[in-house]
Amino acid sequence: MPDHPLKRALPLFLGAGLRFTALDTTAKILVRDHALLVVVWARYAGQMIAVTPYARHRVGPAFWQTGHLGVQLLRSAMLVVATLSFFGALRFLPLGEASSISALAPVVIVLLSPWLLGERPGRARLAAAFAGFCGVLILLRPGSAVLHPAALLLFVTAVTNAFYGMLTRKLAGDSPYTTLFYSALVGTVVLTPLVPFAIEPSAWSWRSAGLFTLLGLFAGVGHAMVTRAFLRAPASMLAPFSYVQILWATAAGFLAFGHLPDGWSFAGMAVIVASGVALAFQERWRARAAVRIP
């Protein structure tokens, strides 16, 4: 009897989420003393160094060849914008709450799907999307630590992550390792010319150099692990577990910065997680129904 797909995929997927939480925590530390562009560049440059030999080993010398160059570039550009806006928000906002709001990408996909994917979302998906926005309203209540202009950047993150996810669906013909390579390439190429103008030499130390190294390492290893996870199990099966990262982000926010969300914030985060998990299970049901249709 074959093993269940999650037996091999879930440890990789959860491990990737843990590394992404470490990535975000490291970025929050760095953006307090360094220019945002430099931090985001280090994230992509480090990922580029980590994933390029990995992609070449898995695919061969033609690992960079794609039949969807325009989609690859646009998808990766969306990821760069999402990273810029999320890291920019982290300078002012708590890690757990920021991660929760940026996790609204599935809700945005539901709302945009009639125009961009030609799909009618249905009442259940619209109800889950509405619940997600109610969770955000709870987080953004008066007196909340998230009620800050920087919260607008998190909505930019959610929207660009939604486009990133929708464009990923159009890359079925490319190797996932090729896609992994382009995810790092665009950010590195676009930001490298800007870095010399953003570096602040007085802010550098051996500690910050070590943190920048960790930033790239977490990004590269995390993306490699999530790519391997998706090769072992369907995305619809793994999606509900992506919200575990919000729990880790909350724990990291407390351990690294001493911030613990209050009761109302926990409630808002729980509503967002519940709506996202509901959407993930609906996507899984729709995928199974499509397979059963002759």
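Relevant structure appears above.
Rules and cut-offs
- Residues numbered from 1 in each chain as written.
- Predicted model: local features only at pLDDT ≥ 70, side-chain atom pairs only at ≥ 80, totals over all residues.
- Heavy atoms only, no water.
- Salt bridge = Lys/Arg side-chain N within 4 Å of Asp/Glu carboxyl O.
- Helix = DSSP H or I, 4+ residues; strand = E, 2+ residues; numbered from the N terminus.
- Core = buried A, V, L, I, M, F, W, Y, C linked by side-chain atoms within 4.5 Å.
- Buried < 20%, exposed > 50% of the residue type's maximum accessible area, 1.4 Å probe, protein only.
- Contact = heavy atoms within 4.5 Å.
- Expected span 1.5 Å × (residues − 1).
- Arc of directions from axis to C-beta.
- Patch = residues over 30% accessible without salt bridge, like charges linked within 9 Å, V, L, I, M, F, W, Y side chains within 5 Å.
- Areas by Shrake-Rupley, 256 points an atom, 1.4 Å probe, with all protein chains shown as cover.

A. Quick peek at the pattern of salt bridges. Going through the model one piece at a time under the given rule, you end up with 1 salt bridge. Across the pair Arg141 and Asp262 runs a salt bridge whose closest N-O atoms are separated by 2.5 Å. Of this pair, Arg141 sits in the loop between helix H6 (122–139) and helix H7 (151–168) while Asp262 sits in the loop between helix H12 (244–257) and helix H13 (263–292), placing them 121 residues apart in sequence.

B. Main features of the nonpolar core. The biggest cluster of nonpolar side chains holds 70 residues, and the ones touching the most others in it are Val39, Phe87, Leu104, Leu154, Phe212, Leu215 and Leu238. In terms of residue count, helix H1 (residues 5–30) provides more of this core than any other element does, 11 residues in total. Setting aside its immediate chain neighbours within four residues, Leu238 contacts Leu6, Ala9, Leu10, Phe13, Ala229, Phe230 and Ala233. Judged by nonpolar contacts, the second largest core, of 9 residues, contains Met48, Leu180, Phe181 and Tyr182.

C. The environment of Leu211, seen in detail. Topologically, Leu211 is positioned in helix H10 (residues 206–232). Measuring from C-alpha to C-alpha, the distance between Leu211 and Ile29 comes to 8.6 Å, with 182 residues separating the pair along the chain. Excluding its chain neighbours within four sequence positions, the residues that come into contact with Leu211 are Thr26, Ile29 and Leu30.

D. A look at H6. Helix length check: H6 (18 residues) gives 26 Å between terminal C-alpha atoms against 26 Å at 1.5 Å per residue, within 8%. The set of residues buried in H6 consists of Arg125, Ala128, Ala129, Gly132, Gly135, Val136 and Leu139. Buried residues of H6 fall within an arc of 110 degrees about the axis and therefore sit on the same side. What points out from H6, more than 90 degrees from its buried face, is the exposed set Arg123, Phe130 and Leu137.

E. Spatial organisation of a nonpolar patch on the surface. A cluster of nonpolar side chains, Phe254, Leu255, Leu260 and Phe266, forms an exposed patch at the surface whose accessible area comes to about 440 Å². Tracing the backbone shows Leu260 in the loop between H12 and H13.

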